[in-house]
Amino acid sequence: MLCESCAMHFTFSQPDLIQRILDTKKFAVIAAREAGMGLTLIQNLAQELERYKSGTKSKSSSAAVSCPFNLHDCNEYKIYTGRGSLSVWTNSPGRGLDQLIATAASDKCQMCQTIVSMVGYATLGKAPVSSMVESVLYLDDATCRPTWLLIVVSHFGSRLAKLSFHIGVEDATSQPVVVLKTPVATSTDQEACMDFCSSSLQACLTKHEACRPKERNLWLPTRLLDLHLSLTDRGKVRVIQTEKLPENQPRQDVQYVTLSHSWGQLMPTKLSMSNMSCMEEGIRIIDLPLRFRDAIRVAQRLKIHYLWIDSLCPGSGPLASACSHISSIIQDSLDDRAKECSKMHKVYRHSVCNISACDGEDATASLFTARNPHYVAPIVFTQEYTDCVMQFSVIPDHVNLARSHSHLFTRGWVFQERLLCPRMIYFAHFVAWECRTCVTTEIYDESVLPNTLLFPLLPESERGWVFTRESSGYPSHAARWWKLVRTYTDSNLTYPNDKLIAVSGLARQFSKIIGKPYYAGIWGGADVVLSLLWYSSPIASAERIPQSEYRAPSWSWASADGVALYNAATKDVFSHISNLLIHIRSISTEPKYGDIFGEVKAGELALTGFVIELQQLRQPNPHAIGGNLAWDNRHHTKEATTYFIPFGEIQWNEWRDNGDGRVFAGILVQRYPDFPNSDGRQIFQRVGRGEFREGWGRGDIWIQLCGLSHLELHEQDLIIV
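Along each chain, residue indices are assigned from 1 in the same order as the chain's sequence is written. Two thresholds apply to this predicted model, a pLDDT of at least 70 for residue-level local features and 80 or more for giving and counting side-chain atom pairs, whereas whole-chain, interface and lining totals are computed over all residues. To obtain the side-chain values, all non-hydrogen atoms of the structure were included, while hydrogens and water were left out.

### Here we look at unusual backbone geometry
- We note that Asp-107 has phi near 60°; this positive angle belongs to a residue other than glycine.
- By definition, any uninterrupted DSSP run of H or I lasting at least four residues is a helix, any uninterrupted run of E lasting at least two residues is a strand, and each is numbered from the N terminus. With respect to the secondary-structure elements, Asp-107 resides in the loop between α4 (97-105) and α5 (110-123).
- The classification of residues rests on relative accessible area computed with a 1.4 Å probe and restricted to protein chains. Under 20% of the type maximum is buried, over 50% is exposed, and intermediate values are partly exposed. Residue class for Asp-107 comes out exposed when judged on its relative accessible area of 52%.

See below:
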């Protein structure tokens, strides 16, 4: 049952929506003609337009209109009109969150109840009731068939949550193609949820060809938590050294699961040199934090006898920002820490599955969640039109809700864990499964996934594409890495100096794909110049944490706070340097602990190029410079002279209009006079990224840029540190 406001998305009875649908169908006919499509298809589109027009004119009431889409022809239409969206709830007149809460409380609308529940999850229940709720209904561009509903919740212009609903439509008078499931468990620890987890794992292990490893795994972590019943029946588990496994248990037959969670400020039981022998003898399960006990229960339900738990260790000193593992890393051993951290990519990649504790700030919180199953269920209803009756099946997208808003997925250390593991179970207010083959939930299983016509935009798996040598829709492997960097730097680290080590496992694995040298987050090779042209999203100065320790060279995105961004790079839209204006003589980093993928203590970029002083920055109106300057989110001296080093001219591929003509891109630098052992060399630090486009200004800088040529005649040897 839907309230009148929610039903507006599916009745299509508002005059402005009717007109928008008519316009879209008209544009579909025009687009088909201009594209030179077949006569039969054009005639079908024209007939569809006339059908809707006649049904709309003859409607007997405002509550009943002709169906805006024709199910039988959906497969034929592959036309882009640019008009496939309808704004149903807007700020004028708009719909307040308080209205949805009132309707949800009256038990009159399942969609209102679901939206309110999802908003509460996304905002931890802190969304003001005065927040505004807007919606955008996305349609197939030619058929006007609804596919996706976007709900945006904001408060005085600040976005609080973005929610997604996937829409499937079928003829209500026919046998349904897809049958969705309705969750019944009032807590995610109940048998129905456990059955979903175990059956999903077994289906993947036995049926998914893409998920099977190409060779049997002989690698194991140094230590694991032993969960065999001979121990747990006595209320204990124990830490084992995998090199001491009994001879009757071959390494290739040992399976283990991992746990991803947030430690917060809690420091529960941990492995150290002093207690290692006791932990090898046995740990009382009751002495472990609740979340660890829950993870043990899930592992046993999956019939997996070993568990590997990792956590972020708060505190101070040389181990403060290291990864610490109750079953892997000895806390007070620097040698053990360095050794085990270098294996991080293997720990997750060779596990059977990862258990993701999406919610809760520390290990005292349960892995499981009590809930009203009605709020995570599909919303199924019928809608009458003048010419037919349709059944709508609306799936709330809890998977992407967790990816965007769960506490766990905001943590920087977890980013590589979720990408490296071959399989993952989400434990939030719902339970979901993800492997390389599919993403499924309590609502829908694999039988729904081939029906892309019904649900074309269901969440896709994040597994696998890190490991494949195919570009996966990106113009280069480097462009795939830029996407990873953007997502990773949008997460949080308790200790900002962890920025390189927290992604080192992913970098180590990615090196097998890209096959290029790695320099503190930057890959060498043909795309190194574009890789150096990152820029930081602006953050408030109050949010910038002073860097008390060296983190990375200034030319690496790891040296700056905030999100590291690159120009858009997809298979169809990408840029390249058409006129290279620098020559990179060398690039190097010095690892802090001997691992090139981990922390560094120095780095140097030696290049030959042009240096242009930005004198306009000292003028009363520095914006008159005629360029777009993006300052890095770290300290730079406003009084010091800033220079622009142009890397080259940027051009987009043929699928994108250059628009403004010529574009020069490069970095902003300032001199580093106090750099030790400079030996008279010109030493600079990067402080930002600059871009100058034709039409933005005709001052001295643009004239200098247009006149640059013959690098060997005007070269300057520069060092960026």
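### Brief notes about the pairing of strand β8 (residues 256-260)
- Counting buried positions along β8 yields 5 of 5 residues, so the element is predominantly enclosed.
- With 4 bridges joining them, β8 and strand β12 (residues 353-357) adopt parallel strand pairing. Note on β12: the bridge partner recorded for Leu-259 is Ile-355. For two strands to pair, DSSP has to find at least two bridges joining them.

### Things to note about the packing of helix α13 (residues 412-420) against helix α14 (residues 477-488)
- Between N-to-C directions, angles span 0 to 180 degrees; the directions come from axes that are lines fitted to C-alpha atoms, helices contributing only their stretch in contact. In the contact formed by α13 and α14, the axes pass within 10 Å of each other and the chain directions differ by 140°. Between α13 and α14, the interaxial angle falls into the category oblique. Mapping the contact onto sequence places Gly-412, Phe-415 and Leu-419 in α13 and Leu-484, Thr-487 and Tyr-488 in α14.
- Split into classes, the residues belonging to the contact of α13 with α14 amount to 4 nonpolar, 2 polar and no charged. Note on angle classes: values under 35 degrees are labelled roughly parallel, values over 145 roughly antiparallel, values of 65 to 115 roughly perpendicular, and the remainder oblique. Should any heavy atoms of two residues lie within 4.5 Å, those residues are counted as being in contact. Residues are grouped as follows: Ala, Val, Leu, Ile, Met, Phe, Trp, Tyr, Cys and Pro are nonpolar; Asp, Glu, Lys and Arg are charged; every other residue, Gly included, is polar.

### Notes on the layout of surface pockets
- Counted as a void, the largest pocket has a volume near 1,200 Å³.
- Lining the largest pocket we find 34 residues, and of these Arg-486, Thr-487, Tyr-488, Asp-490 and Ser-491 sit closest to its centre.
- Here the lining of the largest pocket takes 5 residues from α14, the largest share from any one element.
- Grouping the amino acids of the lining of the largest pocket by side-chain chemistry returns 13 nonpolar, 9 polar and 12 charged.
- The volume enclosed by the second largest pocket comes to roughly 1,000 Å³.
- What lines the second largest pocket is a set of 32 residues, and nearest its centre among them are Arg-212, Pro-213, Lys-214, Glu-215 and Arg-436.
- The set of elements that each furnish at least two residues to the lining of the second largest pocket consists of α6 (191-207) and α15 (504-514).
- The element contributing the most residues to the lining of the second largest pocket is α15, with 3 residues. Cavity: a set of points on a 1 Å grid over the protein atoms alone where a 1.4 Å probe fits but cannot get out. Pocket: an open set with protein on both sides within 12 Å along at least five of seven lines, its lining residues, like those of a cavity, having an atom within 4 Å of a point. Grid points are joined across faces, edges and corners, and a volume is the space filled by probe spheres set on the points.

### Quick word on the pattern of salt bridges
- We count a salt bridge whenever a side-chain nitrogen from Lys or Arg sits within 4 Å of a carboxyl oxygen from Asp or Glu. Tallying each qualifying case throughout the model produces 26 salt bridges.
- The residue Arg-551 makes a salt bridge to Asp-561 at a minimum N-O spacing of 3.1 Å. A residue pair is termed long-range when its members are at least 10 positions apart, and Arg-551 in the loop between β20 (535-536) and β21 (564-565) and Asp-561 in the loop between β20 and β21 qualify at 10 residues. A single burial state applies to Arg-551 and to Asp-561, both of which are buried.
- Each member of the salt-bridge network shares a partner with another, and the members are Arg-403, Arg-418, Glu-434, Glu-462 and Arg-463.

### Side note on the packing of aromatic side chains
- Two aromatic rings from Phe, Tyr or Trp, using only the six-membered ring of Trp, form a pair when their centres are within 6.5 Å; if the ring planes differ by under 30 degrees the pair is stacked, by over 60 it is edge-to-face, and anything between is tilted. Counted under the stated rule, the structure contains 21 aromatic pairs.
- Relative to Phe-392, the ring of Phe-10 lies with its centre 5.1 Å away and its plane at 55°, an arrangement referred to as tilted. Separated by 382 residues along the polypeptide, Phe-10 in helix α1 (residues 4-11) and Phe-392 in strand β14 (residues 389-396) bring together distant segments of the chain.
- Of the residues examined, Phe-392 reaches a relative accessible area of 0% and is grouped as buried.
- Ring geometry for Tyr-488 versus Trp-557: centroids 6.2 Å apart, planes at 80°, classification edge-to-face. Of this pair, Tyr-488 sits in helix α14 while Trp-557 sits in the loop between β20 and β21, and the two are 69 residues apart along the sequence. Taken as a pair, Tyr-488 and Trp-557 share a single burial class, namely buried.
- Counting every residue linked through ring pairs, the aromatic cluster contains Phe-10, Phe-69, Phe-381, Tyr-385 and Phe-392.

### Regarding the side chain of Asp-397
- Tracing the sequence through the fold places Asp-397 in the loop between β14 and α12 (398-405).
- When charges are counted, neither His nor the chain ends are considered; positive counts come from Lys and Arg and negative counts from Asp and Glu. One buried charge, Asp-397, has no salt-bridge partner; the nearest side chain with opposite charge is Arg-403, at 6.9 Å.
- Here a polar contact is taken to be a pair of N or O atoms separated by no more than 3.5 Å, where protein atoms must pair a possible hydrogen donor with a possible acceptor and residues adjacent in sequence count only if both atoms sit in side chains. Looking at Asp-397, its side chain comes within polar contact range of the side chain of His-166, at 2.8 Å.
- Within polar-contact distance, the side chain of Asp-397 engages the side chain of Asn-400 at 2.8 Å.
- Filtering out sequence-adjacent residues up to four positions away, Asp-397 remains in contact with Met-118, Ser-164, His-166 and Pro-459.

### Focus on helix α9 (residues 290-301)
- Expected span, for any helix, means 1.5 Å times one less than how many residues it has. When the terminal C-alpha atoms of α9 are compared, their 17 Å separation across 12 residues agrees well with the 16 Å that a helix rising 1.5 Å per residue should span.
- Among the residues of α9, those classed as buried are Arg-291, Phe-292, Asp-294, Ala-295, Ile-296, Val-298 and Ala-299.
- Remark: Lys-303 follows α9 within two positions and exhibits a positive phi of approximately 65°.

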